[in-house]
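Now for the letters of each chain:
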Amino acid sequence: MVERTPPQGPSRLPTMKDIAEHVGVSRQLVSLVLRGADGPSTESREKVLAAAAELGYRPNASARLLRQARTRTLGVVFSMRNAFQVRYVEELVAAASARGYRVALGTVDAGRGTDEAIGALLEERVEALAVFNPDPHATALAAASTLLPAVLLGEWTRDDSLDTVHVDERGGLCQAVEHLVGLGHREIAYVGGPLGGLVGADRADAYRAAMTQAGLEGEVDVLDAGFGEEDGASAGRTLLEREQLPTAVVCGSDHAAAGLLAVLQRAGVRVPEQVSVIGFDDSHVAALSYLALTSVHQDVAATVEATLSILVERLEGTSDGARARRVVATPTRLTVRGSTGTVRAGR
């Protein structure tokens, strides 16, 4: 008769009970050793620690947090498809750790909105929230902000219960338009607007203000689009249907600019000889060698520092007196690469 080995279940992490059985001591003794408490002898301590290393024991952070009054956990809601937001989260995790905080991630996508992401973070007992561009109809952020500190990222709000950290839209778009005007451009279109939500509308308004400031209010040309690659590609196809292309296009994001560039180049339009293109964010997308995209730079480090300063002040009680709303505009600068150039003669 052939003996069959029973199917193995999924592997599990070793527990304090496993260590206790391995060494032949009580679980209480193991707990004392792993917590660094007084009581166990040097010999017992060495045996328990050796067994923990041998078995690959790792403390259960979630269980430990449940026993504490504070979790020292910050929640952040962001999109994995947005290069700037991903860079922000990477730096936030490191900067928060340096201040003794951990970061719980709440991602949003086409099938998971702001409400779901915030709900999941609240279940992890986060002490504060940082939220990028929440869904316009989401209600969880407003509700959560009455219970814990919350910072809105990426767009302005009139909600006095929310602190806000936001890029200087007007300064950034002004730098982009001034750069193009200095290269001789007047026919400067903009890809972005209400389809990009509140932040999209903000950047479109900033473009209009920049064009007006440059004396080009009669040349304002907004193609309503979102922030994704396909949004930029769609705008590019719209431009190609016109009798004449603008000499320059400013996009509301690097992703949209990448989509626009792809469509223009496939149609044989030379960049920047025929059309100059500028993005917004100065993410890793802009720096790709085959795009070499001129882009409005957002300061990730400044955004992270402003976020943490606000949240830690709220949590540690170091902010001044009453809860005055904090609004921070982070600075921009233009990173010039190969996607912009002077206007051709005759245009």
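About the cut-offs
Residues numbered from 1 in each chain as written. Predicted model: local features only at pLDDT ≥ 70, side-chain atom pairs only at ≥ 80, totals over all residues. Heavy atoms only, no water. Helix = DSSP H or I, 4+ residues; strand = E, 2+ residues; numbered from the N terminus. Buried < 20%, exposed > 50% of the residue type's maximum accessible area, 1.4 Å probe, protein only. Contact = heavy atoms within 4.5 Å. Areas by Shrake-Rupley, 256 points an atom, 1.4 Å probe, with all protein chains shown as cover. Phe/Tyr/Trp six-rings, centres within 6.5 Å; stacked < 30°, edge-to-face > 60°. Lys NZ or Arg CZ within 6 Å of the ring centre and 35° of its normal. Pairing = 2+ DSSP bridges. Polar contact = N/O pair within 3.5 Å; in protein donor to acceptor, adjacent residues only side chain to side chain. Axes fitted to C-alpha atoms, helices over the stretch in contact; angles between N-to-C directions.

Each helix and strand counted, the chain has 13 helices and 12 strands in total. For the chain, the proportion of its 347 residues judged to be buried stands at 46%. Across the chain, the fraction of contacts at a sequence separation of at least 24, relative to all contacts at a separation of at least 6, is 67%. Counting only carbon and sulfur atoms, one obtains 51% of the accessible surface of the chain, whose full area is about 17,600 Å².

For the structure on display, the rule yields 3 aromatic pairs. With a centroid separation of 5.1 Å and an interplanar angle of 15 degrees, the aromatic rings of Tyr190 and Tyr207 are classed as stacked. In this pair, Tyr190 sits in strand S6 (residues 188-191) while Tyr207 sits in helix H9 (residues 197-213), placing the two residues 17 residues apart along the sequence. Three or more aromatic residues joined by ring pairs form one cluster here, namely Phe84, Tyr88 and Phe132. The ring of Tyr101 carries Arg72 above its face, with NZ or CZ at 4.2 Å from the centroid. Taking NZ or CZ as reference, Arg203 lies 4.0 Å from the ring centre of Phe280, over its face.

Okay, the pairing of strand S3 (residues 128-132) next. The buried fraction of S3 amounts to 5 of the 5 residues, a majority that puts the element mostly inside the structure. Burial along S3 is two-sided: the residues Ala128, Ala130 and Phe132 and Leu129 and Val131 are all buried. Where strand S1 (residues 73-79) lies against S3, 4 bridges are found, and the strand directions are parallel. Paired with Leu74 across the two strands is Ala128, which belongs to S3. Looking at chain direction, S3 and strand S4 (residues 150-153) are connected through 4 bridges and run parallel. What sits directly across from Phe132, in S4, is Leu153.

Note the cis peptide between Val271 and Pro272, where omega equals 10 degrees. In this fold, Pro272 is placed in the loop between helix H11 (254-266) and strand S9 (276-281). Despite not being glycine, Arg125 shows a phi value in the positive range, around 60 degrees. Its place among the elements puts Arg125 in the loop between helix H6 (114-123) and S3. Using a relative accessible area of 31% as the deciding quantity, one classes Arg125 as partly exposed.

Our next topic: the environment of Gly39. Here Gly39 is to be found in the loop between helix H2 (27-34) and helix H3 (42-55). Judged by its relative accessible area of 70%, Gly39 falls in the exposed class. Sequence separation of Gly39 and Leu29 is 10 residues, and the distance between their C-alpha atoms is 8.6 Å.

Now for the side chain of His297. Looking at the element boundaries, His297 is found in strand S10 (residues 294-298). Only 2.8 Å separates the side chain of His297 from the side chain of Asp282, close enough to count as a polar contact. In this structure, His297 is in contact with Asp281, Asp282, Pro331, Thr332, Arg333 and Thr335, ignoring residues within four places of it in sequence.

Here we take up the side chain of His185. Inspection of the secondary structure puts His185 in the loop between helix H8 (169-182) and S6. For His185, the side chain forms a polar contact with the main-chain oxygen of Gly341, separated by 2.7 Å. Those residues in contact with His185 that lie beyond four places of it in its chain are Leu180, Leu216, Thr247, Ala248, Ser276, Gly341, Thr342 and Val343.

Where strands meet in a sheet, backbone hydrogen bonds hold them as pairs that are either parallel or antiparallel. Strand order in the open sheet made by the 6 strands is S7-S6-S8-S9-S10-S12, with mixed pairing throughout. Every other strand in the sheet has two partners, leaving strand S7 (222-223) and strand S12 (332-335) as the edge strands with one partner each. Note that S9 and S10 share 4 bridges and pair parallel. Following the sheet pairing, Phe280 is matched in S10 by Val296. Helix-sheet contacts for H9 involve S6, S7, S9 and S10, and the interaxial angle to S6 is about 170 degrees.

Let us now look at the environment of Gln265. For Gln265, the position within the fold is in helix H11. Separated by 29 residues in sequence, Gln265 and Gly236 have C-alpha atoms that sit 9.9 Å apart.

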